[in-house]
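Geometric and topological summary
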Amino acid sequence: MPKQLEQRLLNLLSAENYRPLNKSELSRELDVSSKERSELRGLLAELIKRGQITRLQKGRFALRRNSGNRLVGSIRIHKGGRASFTTDLTDPENLKSGLDLQKLGRLRLSGREMGNALNGDRVEVKIKIGSPPWKRGKPGGKDDDFVQALVTRIIERGRARIVGTYQSDGKHSHVLPMDPDASPVVQIPERPKMDVISGQLVSVELIQWDRTDQPATGRVIQVLGWPGDPGVDIEAIIQKHGLSVDFSDPVLDEARAYKDEIAPEERKRRIDWTDRPVITIDPATAKDHDDAVFVRKLDKGGWELAVHIADVSAYVKPGTALDEEAQARGNSTYLVDRVLPMLPPDLSNDLCSLRPGVERLTKCALIEFSEDGRPTRSRFYDCVILSPVKFSYEEAQTVLEGPKSPKDPIHQMILESWELASVLRQRRFARGSLDLDFPEVSVILNDKGHAVGIKKTEHNESHKLIEEFMLAANESVARAIKGRGKPTVYRVHEDPDFDKLKEFGELASHHGYKAGDMSNKAHLQALLEAIKGSIEAPSIKLGLLKSLKRAAYSPDPLGHYGLGKTDYTHFTSPIRRYADLIVHRSLQPLLENPPKPTDKTPSYAELSSITNHISTTERASGDAENESKKLKLFEYLSDQPHEERREHFQATVTDIRPMGVFIELVDLSLRALVSRDELPDKERWFFDNGLSRFANSKGETIVLGQALTVEVIRVNSQKEELDCRVVKLGPKPKVVPSQGRSRHQSGSRPKKGHQEAKGKAAQPSKGKNHKKKPSRRRKKPGGKRKRR
């Protein structure tokens, strides 16, 4: 029997369509009885020892193949030319490579290692593990933690364009890229078909660039305009990240073909919820309303929660032009001045949007909860709703904070909703979820698109209420689909790398907190609780975020570390995320009133490709959103030095050097420098190297972690550098961070420009009482030093 079992197992593992399975799944596939499972476990251990198979993450097994240490993934190029390679955890060859994908999930690359790869490219890299170059041939040079990645092949170019300045002398033309660290100079061999003048910004499509020692060639596909003209800066970001703006005629025609009326047979199949107060709570400026909620208390105790989600699957069918466009975009992109929707406005802002006063089709997750917030029953329906009213977050918060009005049933329901949400929130954190909420800052633009102000939004009870209900719906749908074994898309957030958590623990300890074992969720939660309300809390939380892996989409239910959930998916925003649309299609057979026929869902192999693609588009959108916001923040701050009354910002000290103090503007998440000359009463301050602080004759000090009130005095938008002046000294942290600077500290080293500009003035002053330190060089007998 063991030999037969071994052969069957190896045949299964070597099958072309095999996807890695765990022990229980292997038992079912091989039809192994409960008595034979111990033999299977022993066989797996023996094959691992022989080197024939390998154990992957989440206890899955695959054949060990000689891949030449090659992995497939995508390249992301960051500000300043830094690059990273993200391993595709769903690629079959990666899974069968035998390499530790957890360890190799995200790797840094230098310019030399990138070759001719560009931002967003899908590439193959060769992995080398061993001693770092600077240790080779030296004692103690062995270091198996050093990993080097070298791009060996461009599999597929990304969608991003090269944006730069067009230059021509009449005979020869080329484009100088806006970001020279990330893109090459592009030669334009053919005269552009559109009118373009030297000095204008253009978008270029790459034609050929096979080797770094050869020039890149391309064609101009769009003239963006003159630098500084309104809207050109955002257009450049859109082109740079390869985002789609306009919809093709076939896509628009399909969207316009749908009528507002609901067909009688469709109405009859669906559950009628038009007589119940299903409400939306969204930002005041929102146009696409994905979700609506209804809550009631149960007579037996506990609550019933109905989460209604726009039924996009009723309009966007597999294989249509609408579906192909939605999949290609992957998600909507929310730039600082506009939205680039995944679906045409006829659907996203109208037919699919759960606007008040009109009937809309929904998918409903109906969940019952016990009094302690435990889900006891979940059912799913196709419904029709007629929302009586929409609330902004501010309006809902007014209801929660205002006097109770028992005569208003909707106000009463909002109050009961918060009762349930607060119980769910308490239970979620008790089960391992991490509190990583940050205040949200938006930039206010005038009618010409120029930044004129900023607005800070705290996540209050109205935000948390909706968040908890969406999390509950996502989890219930994931659990139901997984339980029935249906292929779908899961939202996954894998466990962090222990070494990075250890580095984060050092950062927390540096600020005077007892970090404990950061791989233990309870210790991590205790630390987050301890820093609540402290001055240094934003910096420490940001340090934790950088230690965690990035959430992504996967066909495998790998769980969500940050939320502390074993089963999790995205179900609640199909208007703006393609992942949710697939989940809606996967849910159709599980409905109490399923449509006939149900929509076709992708196979596991197809889902692997789709999840990789939509994870990439999500990253591209996120990068573009952050870049547009940062661009407008710097635009707003550039006006500050010229204002009569400059705005004051709250900041935290992240690093102290003789040249000055490095700070983080808390609300804006931007770093800045306060030079020594811009400290209060500047002539009285001196740098205390021993304690890494500034002090003055009054006994006042500036230490790491201290709060400051500052104003902006100089801005270099191109280099993203800010210089500030201290207006007021704020409170110090309860525990002053330890002496010396840890390399894991949240504050970054000063930028080159700042060092060169301030270097000379940064030296500690030498007053008349200054004493020269005695030399530590030992004297030889006789009192005279030997000259060298």
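Up top you'll find the structure we're talking about.
Described in the following lines is the structure provided in the data block. These numbers come from a predicted model, not from an experiment. All chains use their own residue numbering, which begins from 1 and follows the written sequence. The predicted nature of this model means local features are confined to residues of pLDDT at least 70 and side-chain atom pairs, given and counted, to a pLDDT of 80 or more, with totals for whole chains, interfaces and linings taken over all residues. Water and hydrogen atoms were dropped before computing side-chain values, which therefore reflect all heavy atoms in the structure.

**With respect to the overall build of the protein chain**
The numbering of helices and of strands both runs from the N terminus, where a helix is a DSSP run of H or I of at least 4 residues and a strand a run of E of at least 2. Looking only at helices and strands, the protein chain has 19 helices and 33 strands in total. Relative accessibility thresholds used throughout: buried, under 20% of the residue-type maximum; exposed, over 50%; partly exposed, between the two (1.4 Å probe, protein chains only). Of all 788 residues assigned to the protein chain, the portion counted as buried reaches 49%. In what follows, a contact means two residues having at least one pair of non-hydrogen atoms within 4.5 Å. A fraction of 67% describes how many contacts in the protein chain between residues 6 or more apart in sequence connect residues 24 or more apart. Approximately 40100 Å² of the protein chain is accessible, and the part contributed by carbon and sulfur atoms is 48%. A 1.4 Å probe and the Shrake-Rupley method give the accessible areas. Residues count as covered only by the protein chains that appear here.

**Concerning the nonpolar core**
Of all hydrophobic cores here, the largest spans 81 residues; its most connected members are Leu-347 and Phe-469. Considering each element in turn, this core owes the most residues, nine residues, to helix α13 (residues 461-483). In this structure Leu-347 touches Ala-255, Tyr-315, Val-316, Leu-322, Cys-352 and Ser-353, once residues within four positions along its chain are discounted. For this analysis, a nonpolar core means a set of buried residues of the types Ala, Val, Leu, Ile, Met, Phe, Trp, Tyr and Cys, connected via side-chain atoms within 4.5 Å. Core analysis: the second largest hydrophobic core is formed by 30 residues, Val-443, Leu-633, Leu-679 and Val-712 among them.

**Remarks on the pairing of strand β33 (residues 721-729)**
When DSSP finds at least two bridges between two strands, those strands are taken to pair. By the bridge criterion, eight bridges tie strand β32 (residues 707-716) to β33 in an arrangement that is antiparallel. Across the sheet, the residue bridging to Thr-709 is Lys-728, located in β33. Taken together, β32 and the strand that follows it, β33, pair antiparallel across an intervening segment of four residues, in which Glu-720 is found at a positive phi of about 55 degrees.

**Observations regarding α13**
Between the first and last residue of a helix there are one fewer steps than residues, each counted as 1.5 Å, and that sum is the expected span. Along its 23 residues, α13 runs 33 Å from first to last C-alpha, staying within 8% of the 33 Å computed at 1.5 Å per residue. In the stretch just after α13, Gly-485 is the one whose phi turns positive, near 70 degrees.

**Looking at the pattern of salt bridges**
By convention in these notes, a salt bridge is any Lys or Arg side-chain nitrogen within 4 Å of a carboxyl oxygen on Asp or Glu. The full count for this structure, using the stated rule, is 52 salt bridges. For Asp-623, the salt bridge goes to Arg-76, with nearest N and O atoms at 2.6 Å. One end of the pair, Asp-623, is in helix α18 (residues 604-639); the other, Arg-76, is in strand β3 (residues 70-77), with 547 residues separating them in the sequence. Asp-623 gets classed as partly exposed once you look at its relative accessible area, which sits at 25%. Among the residues examined, Arg-76 registers a relative accessible area of 5% and is labelled buried. As a salt-bridge pair, Arg-329 and Glu-325 come within 2.6 Å of each other at their nearest N and O atoms. Remark: Glu-325 and Arg-329 occur in helix α9 (residues 321-329); sequence separation between them is four residues, near one turn of the helix. Linked through salt bridges whose partners overlap, the residues forming this network are Glu-266, Arg-269, Arg-270, Asp-311, Lys-363 and Asp-382.

**Section: a positive patch on the surface**
Residues Arg-82, Arg-106, Arg-108, Lys-500, Lys-546 and Arg-550 make up a contiguous surface patch of positive charge. Here Arg-108 shows up in strand β5 (residues 106-109). Like-charged residues are merged into a patch within 9 Å and nonpolar side chains (Val, Leu, Ile, Met, Phe, Trp, Tyr) within 5 Å, provided each residue has over 30% relative accessible area and no salt bridge. Charge counting treats Lys and Arg as positive and Asp and Glu as negative, with His and both chain ends excluded. Where a charge sits is defined by one atom per residue type, namely NZ (Lys), CZ (Arg), CG (Asp) or CD (Glu).

**Details of the side chain of Ser-433**
Tracing the backbone shows Ser-433 in the loop between α12 (409-430) and β22 (440-445). Polar contact criterion, stated in full: a pair of N or O atoms within 3.5 Å, where within protein one must be able to donate a hydrogen and the other to accept it, and residues adjacent in sequence count only if both atoms are side-chain atoms. Of the polar contacts made by the side chain of Ser-433, one reaches the side chain of Arg-428; its length is 2.7 Å. Apart from residues lying up to four places away in sequence, Ser-433 is in contact with Arg-428, Gln-525, Gly-562, Leu-563 and Gly-564.

**Re unusual backbone geometry**
For residues other than glycine, phi is negative in most cases, and the peptide bonds are mostly trans. With an omega dihedral of -5 degrees, the bond running from Lys-596 to Pro-597 counts as a cis peptide bond. Mapped onto the fold, Pro-597 is located in the loop between α17 (578-587) and α18. Phi is positive for Glu-720, which is not a glycine, with a value near 55 degrees. Within the secondary structure layout, Glu-720 lies in the loop between β32 and β33.

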